[in-house]
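Now for the letters of each chain:
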Amino acid sequence: MSAARVHQFGGVEAIIIEEIARPQPGNGEVLIRVGAAGVGPWDGWIRAGKSALPQPLPLTLGSDLAGIIEAVGPGVSEFAVGDAVFGVTNPRFIGAYADYAIASAGMIAKKPVWLGDVEAASLPVIAVTAWQALFDQAKLVRGQSVLIHGAAGNVGAYAVQFARRAGLEVTATASARDIERVQQLGADRVIDRSQPFEEQVHDVDAVIDLVGGDTQARSFQVLRAGGTLISAVSQPDQEEAKRHGVEAAFFLVNVTTATLTEIAAMLDAGELVTNVGAVLPFADARLAHEMLEGTRPHPSGKIVLKIGA
């Protein structure tokens, strides 16, 4: 089978498409015939050798995927050959840029019937990150208020939709050109990110930080006492959190069948808007990473490699 591989960490030129043996699923795993693979910033970090996890070489890039189960390993009872699924390959976030990929059965779910592979492969990491930030980390419930930074981004767009659906009062920050879109996604109020949001927002229950830096630093002052700042970008300043009487945490996404199944149900019900940006053929994996790094222009939305027929 063909796979987009890295034999040494480095720039985009490190990506090589080559023929390798088709893997076999082990205990708790399935083999997926890949229809499409999502491309995310973490793929670039892994390629460059900047992953937070050990990544022995050589490796096949990619984590987000959608496709058809080709074989089932021992100990897997919830999936069968022929099932259409979507999700993530494994906790190391590798292996998806290939004709076939091994995935942990606990990190995939049945794909919504009407959703194509390209759209499905665009979802897992970003949608689950948004879900977990709001509900597993900030533990928000109906009637509470949230400020979402970077609301027009890939994660932010899902965070706005999930928050609105859950009955939260949603304030968001976005660039001027994206304000109308974020309003359409369900935000009650959208603030131009060039404006000082801290002068307009007060006493929210939680801030979801998808931007980091100075935006994160200024967010402590908009929280109510006992509120929560959750960042998917960087570790918040704990001294500042203590000074403001709030909780603050950084988290790494944990993609699970349970969360993916919740999201799939919303997709089946037509309650979520997806946002695919560039769709490229498998052979253009290097180009996809150039888009990731900003050296090639691309439309807003998730970059996806179309792999299967």
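Residues take numbers from 1 onward in each chain, read along the sequence in its written order. For a predicted model such as this one, the threshold for reporting local features is a pLDDT of at least 70, and the threshold for listing and counting side-chain atom pairs is 80 or more; totals across whole chains, interfaces and linings nevertheless cover every residue. Hydrogens and waters are ignored; side-chain quantities use all the structure's heavy atoms.

Engineer: Sorry, what's going on with the overall build of the protein here?
Structural biologist: Comment: elements are numbered from the N terminus, with helices defined as DSSP H or I runs of at least four residues and strands as E runs of at least two. When helices and strands are counted, the protein shows nine helices and 16 strands. What the globule rule says is 2.2 Å times the number of residues to the power 0.38, and the radius of gyration is computed from C-alpha atoms. Computed over its C-alpha atoms, the radius of gyration of the protein comes to 20 Å, within 12% of the 19 Å expected for a compact globule of 309 residues. Considering only C-alpha atoms, the protein reaches an extent of 60 × 40 × 35 Å along its principal axes. The buried share of the protein, taken over its 309 residues, is 53%. The contact criterion used throughout is that any non-hydrogen atoms of two residues lie within 4.5 Å. A fraction of 65% describes how many contacts in the protein between residues 6 or more apart in sequence connect residues 24 or more apart. For the protein, the exposed surface amounts to about 13100 Å²; the carbon and sulfur share of it is 50%. Working definition: with a 1.4 Å probe on protein chains only, accessible area under 20% of the residue-type maximum means buried, over 50% means exposed, and in between means partly exposed. Under the convention used here, a 1.4 Å probe and the Shrake-Rupley method define accessible areas, while residue burial counts only the protein chains that appear.

Engineer: Looking at this model, I keep getting lost on the nonpolar core. Mind explaining?
Structural biologist: One broad rule of soluble globular proteins: the nonpolar side chains tend to lie buried together. Ranked by size, the top nonpolar core spans 89 residues in total, and within it Leu 134, Val 146, Ile 148, Phe 162 and Val 182 carry the most contacts. At nine residues, helix H3 (residues 124-137) tops the list of elements feeding residues into this core. The residues contacting Ile 148, other than those within four sequence positions of it, are Gly 156, Ala 159, Val 160, Ala 163, Val 170, Thr 171, Ala 172, Thr 173, Ile 208 and Leu 210. The criterion is simple. A nonpolar core is a set of buried Ala, Val, Leu, Ile, Met, Phe, Trp, Tyr and Cys residues joined through side-chain atoms within 4.5 Å.

Engineer: Just to check I follow, could you spell out the sheet that holds strand E12 (residues 204-209) for this structure?
Structural biologist: Backbone hydrogen bonds are what pair the strands of a sheet, in a parallel or an antiparallel way. The six strands are arranged E11-E10-E9-E12-E13-E14 in an open sheet whose pairing can be described as parallel. Whereas interior strands pair on both sides, the edge strands pair on one side only; in this sheet they are strand E11 (189-192) and strand E14 (247-250). With strand direction ignored, the average angle separating the axes of adjacent strands in the sheet is 15°. Only the contacting stretch of a helix is used when fitting its axis, a line to C-alpha atoms as for every element, and angles between N-to-C directions run 0 to 180 degrees. This element, helix H4 (residues 154-165), spans strand E9 (145-148) and strand E10 (169-174) of the sheet and lies at about 170° to E9. Strands are labelled as partners when DSSP assigns at least two bridges between them.

Engineer: Help me out: how do you make sense of the packing of aromatic side chains in this one?
Structural biologist: Each pair of aromatic rings is reported with the distance of its centres and the angle of its planes. Stacked, tilted and edge-to-face pairs are distinguished by plane angle, under 30 degrees for stacked and over 60 for edge-to-face with tilted covering the rest, among Phe, Tyr and Trp rings (Trp via its six-membered ring) whose centres lie within 6.5 Å. Scanning the model with the defined rule gives four aromatic pairs in all. One aromatic cluster is present, built from ring pairs that chain together Trp 131, Phe 135, Tyr 158 and Phe 162. Its end group placed over the ring of Tyr 100, Arg 22 keeps NZ or CZ at 3.9 Å from the ring centre. Sitting over a ring, as applied to charges here, requires NZ of Lys or CZ of Arg to be within 6 Å of the ring centre and within 35 degrees of the ring normal.

Engineer: Can you help me understand the pattern of salt bridges in this one?
Structural biologist: Two side chains carrying opposite charge are able to pair once their charged atoms lie near each other. A pair is scored as a salt bridge if a Lys or Arg side-chain nitrogen falls within 4 Å of a carboxyl oxygen belonging to Asp or Glu. Summed over the entire model, instances satisfying the criterion amount to 11 salt bridges. In this structure, the salt-bridge partner of Arg 5 is Glu 18, at a minimum N-O distance of 3.2 Å. Remark: Glu 18 occurs in strand E2 (residues 15-19) and Arg 5 occurs in strand E1 (residues 2-6); sequence separation between them is 13 residues. Overall, the relative accessible area of 22% leaves Glu 18 in the partly exposed class. Here Arg 33 and Glu 70 are joined by a salt bridge, their closest N and O atoms 2.6 Å apart. Of this pair, Arg 33 sits in strand E3 (residues 29-39) while Glu 70 sits in strand E5 (residues 64-72), placing them 37 residues apart in sequence. Using a relative accessible area of 39% as the deciding quantity, one classes Arg 33 as partly exposed. Residue class for Glu 70 comes out partly exposed when judged on its relative accessible area of 29%. Several salt bridges share partner residues, and in doing so they unite Glu 198, Asp 214 and Arg 218 into one network.

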